Amino acid sequence: MTVQEIDQRIRSRLVIKYNPRSFIVFLLLFPACAWMAFFYITPIAMLVYNSLAEDGLSILSKTVANPVYRSVFATTLEIGAASTLGCLLLGYPVAYALTVSRGALRGILLIIVGLPYWLDYVVRSFSWMVLLGQRGLINNFLLYIGVIDKPIQIMYTFLSVCIGMVQILLPIMILTLFAAMLRIDRRLMTAAAIHGAPPWKAFRTVFFPLSLPGVYAASLLVFISSLGFYITSALLGSPKESMISQSITLLAATLLKWSDASALSLVLLAITMAIVIVYDRVFSIDDLWGGKDA
Amino acid sequence: MKAVDDVSLRVAPGSFVSLLGPSGSGKTTTLNLIAGFITPTSGDLLIDGVSVSAIPPHKRNIGMVFQAYALFPHMTVSQNVGYPLKMRTKLSATERQDRIVEALKLVRLAGLADRFPAQLSGGQQQRVAMARALVSSPRLLLMDEPLGALDKGLREDLQLEIKEIHSKLGSTIIYVTHDQTEALTMSDFLVVMRNAKIEQIGPPQAVYENPDSVFVASFLGTANLLPLGVVGMSADRLTGRLANGEMITIPTQSASSFSSGDAACLLIRPEDVKLSPCNSGKGLSPGLRAKLVDTMFHGDHSRVTLDLAGAKFTVQLHPAQIAEFNGSGDVFISWSAERARLIPADR
């Protein structure tokens, strides 16, 4: 290879050639990116600035050390984990049913899954109070059939918060799982059947393992979404079930402690990111199978 | 609409049977009926004399190779191959391992047991699929266009290997393909299908040489079909009028199955035709005059396209024979009478 050829090679690598296709991609991305930059990145940057402006990093360590915040964080993670598990247990069979259904039936099922979104979740949270309250439907029924002799406490407990959150998050879980399950080649189940697997065993040995990457992705999405919940825990929970967003609102809107609120938000952001990173390390196993579409 | 209609087929144990037909002819549906993925609305299916119509696929003890391989992507090669053993047998892990190794040896993949399917080439994946299908020694192996996705060289290698494996194992193979060369070279028996029905059944050579219909004649290999109006016949001769009005008398065994006024086709295979310069060929019978249009070199043979009374006529020659016919012009064609066939024109 001559010097000129080497030079040519280096040049061709350094110069980014004008490519009309990539220009179009840039044009298509620009409006959304600009919008996100201004309305998402900017406020977060200001948030970081606010929390660090007064006392620097010490406000963060103070926030982390505060036992009240610690316990609120723990509650938030617990409620999130429990709701995610609930969504998964209820959502997996529905997503599977959607996957095996065809035509009109699938369309109807999808509408039913999306139906709750037609009603605002504040309204839905209020409606749970009618069902779960001391004089609510469940207590009245249990009293009537004589299982209990005085009303039991369902409202304003960990359980009521989780029930409400599962109800709100379930469609996300189902639709994400459904999208993942659709990518599983149904012919594999046929192959399992002809090679001796009864339906349940074919599901257990072929479909279920192949659906796991979808399960991990959907669970992560639901869990992350749950961490930011505010109205549901405020309406259906007691102060004991306070979630981190409630504390942030309290600090910012009522107590006007802006830097504390910012610091708490920052810690929430950091925890969320840490969870995503660790989770990705642990469950990123679809490379092993040669990519998502293998 | 019926996907398969009135398909009656008896397959001898240990034979290699090909279902051949264009797409939509019902061959894959027939295979799926045998596998049990589809339940027939009427009729019955017997394996070893026992009706299996009511038996679900997983209890039929059939091995199957799919066109798209359908290997389990989350399992290694040896887990894939061991799957039927795990589902169907109570073998211990070591016995299972022995059978897996044996099956992988048979398909020449011994070294790749721990790979995942995505790490293999198409041909290797097809071999794994084959090993999986035969590892539990099923009586019946179904193959649904197993080589359809592979390139030509690899396809020919694997055709040979499948034949070898078949003769080693002795299990019955039902093989679906739309590739007539594949069907001709591999099978003991050929089932030509068309429009959800069986068109013709027989050993490949018999079907190729004695097609019952214009469809079978033109679907297998290249066929020159000269339309003929039957004018008269005797015990072993038939006289007909060609499209251009020329009369021709052909020696034939099947003259009795025609009557005067019938539309028939004279089938002459390109490899059975003798070509001679126009002046020298006079008097050869049966023979016809034609116009040379084009010659094409195919390596081991050459194909000459002729214009015979306005219709295309193909002749296959050894490349060395082509020299005397360079350019265009009139030629004389003749053929061995006992190789030509008279078949009824398409209904």
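Higher on the page you've got the structure.
Residues numbered from 1 in each chain as written. Chains lettered and ligands numbered in written order. Predicted model: local features only at pLDDT ≥ 70, side-chain atom pairs only at ≥ 80, totals over all residues. Heavy atoms only, no water.

Whenever I open this one, the overall build of chain A confuses me. Can you help?
The secondary structure content of chain A amounts to 13 helices and zero strands. Beginning at the N terminus, the succession of helices and strands in chain A can be written as α-α-α-α-α-α-α-α-α-α-α-α-α. The C-alpha atoms of chain A give a radius of gyration of 25 Å, which is well past the 19 Å a tight globule of 294 residues would have. Taken along the three principal axes of its C-alpha coordinates, chain A extends 95 × 70 × 30 Å. The buried share of chain A, reckoned over its 294 residues, is 37%. Within chain A, residue pairs in contact and separated by at least 24 positions form 72% of the contacts whose partners lie at least 6 positions apart. The distance from the centre of the 21 positive side-chain charges to the centre of the 14 negative ones in chain A is 8 Å. (Helix = DSSP H or I, 4+ residues; strand = E, 2+ residues; numbered from the N terminus. Rg over C-alpha atoms; globule rule 2.2 N^0.38 Å. Buried < 20%, exposed > 50% of the residue type's maximum accessible area, 1.4 Å probe, protein only. Contact = heavy atoms within 4.5 Å. Lys, Arg positive; Asp, Glu negative; His and termini not counted. Charge placed at Lys NZ, Arg CZ, Asp CG, Glu CD.)

Explanation requested: the nonpolar core in the structure shown.
Grouped together as the largest cluster of nonpolar side chains are 63 residues, with contacts concentrated most on Leu177 and Val206 of chain A together with Phe72, Tyr83 and Leu142 of chain B. Among the elements that take part in this core, helix α8 (residues 158-182) of chain A stands out by supplying twelve residues, more than any other. Beyond its immediate stretch of four places on either side in the chain, Tyr83 of chain B contacts Ala192, His195, Ala197, Lys201, Ala202, Thr205 and Val206 of chain A together with Phe72 and Met75 of chain B. (Core = buried A, V, L, I, M, F, W, Y, C linked by side-chain atoms within 4.5 Å.)

Whenever I open this one, the sheet that holds strand β13 (residues 273-277) of chain B confuses me. Can you help?
Backbone hydrogen bonds are what pair the strands of a sheet, in a parallel or an antiparallel way. Residue and element names in this part refer to chain B. With antiparallel pairing, the five strands of this open sheet are ordered in space as β13-β17-β14-β15-β16. If you trace the sheet from one side to the other, it starts and ends with β13 and β16 (311-317), each paired once. The mean angle between the axes of side-by-side strands here comes to 45°, regardless of whether they run parallel or antiparallel. For strand β14 (residues 287-297) and strand β17 (residues 329-335), the ladder comprises six bridges, and the chain directions are antiparallel. (Pairing = 2+ DSSP bridges. Axes fitted to C-alpha atoms, helices over the stretch in contact; angles between N-to-C directions.)

Looking at this model, I keep getting lost on the sheet that holds strand β7 (residues 189-194) of chain B. Mind explaining?
All names here are of chain B. Taken in spatial order, the six strands make up an open sheet running β4-β5-β6-β1-β7-β8, and their pairing is mixed. The open sheet has two free edges, formed respectively by β4 (62-65) and β8 (197-202), since each of these has just one partner strand. Strand after strand, the sheet turns through a mean of 20° between neighbouring axes, direction not considered. Note that strand β1 (residues 16-20) and strand β6 (residues 172-177) share five bridges and pair parallel. Residue pairing in the sheet places Leu20 in a bridge with Thr177 of β6. Contacts from helix α4 (residues 122-134) reach β4 and β5 (140-144), with the element oriented near 175° to β4.

What exactly am I supposed to notice about the state of the cysteines here?
The bond known as a disulfide is covalent and runs between the sulfur atoms of two cysteines. Following the criterion strictly, the structure yields zero disulfides over all chains and no others. Counting only cysteine sulfurs, Cys162 of chain A is the nearest neighbor of Cys87 of chain A, a cysteine outside any disulfide, at a range of 9.7 Å. (Disulfide = S-S within 2.5 Å.)

I would appreciate a short explanation of the side chain of Asn32 of chain B in the present structure.
Residues and elements named next belong to chain B. Note on placement: Asn32 falls in helix α1 (residues 27-35). On the basis of relative accessible area, Asn32 is assigned to the buried category, the value being 19%. Contacts of Asn32, omitting those with residues within four sequence positions, involve Phe37, Ile38 and Met64.

Where do I start with the interface of chain B and chain A in this structure?
Much of the literature gives interface size as the accessible area that the parts lose upon coming together. On the side of chain A, 22 residues touch chain B, which itself brings 23 residues to the contact. Interface area, chain B with chain A, both sides summed: about 1,900 Å², of which 74% is carbon and sulfur. Of all residues in chain B, His58, His74 and Met87 of chain B bury the most surface against chain A, accounting for 31% of the area lost on that side. The interface formed by chain B and chain A contains zero salt bridges. Our count for the chain B to chain A interface comes out at five residue pairs in polar contact (both at pLDDT 80 or more). Listed by contribution, the elements that provide at least two residues to the side of chain B that touches chain A are β4, α2 (77-88) and α4 of chain B. The greatest single-element share of the side of chain B that touches chain A, amounting to four residues, is contributed by α2 of chain B. Of the residues contributing to the side of chain B that touches chain A, the split by class is 18 nonpolar, three polar and two charged. (Buried area = accessible area lost by both parts, 1.4 Å probe. Salt bridge = Lys/Arg side-chain N within 4 Å of Asp/Glu carboxyl O. Polar contact = N/O pair within 3.5 Å; in protein donor to acceptor, adjacent residues only side chain to side chain. Nonpolar A, V, L, I, M, F, W, Y, C, P; charged D, E, K, R; others polar.)

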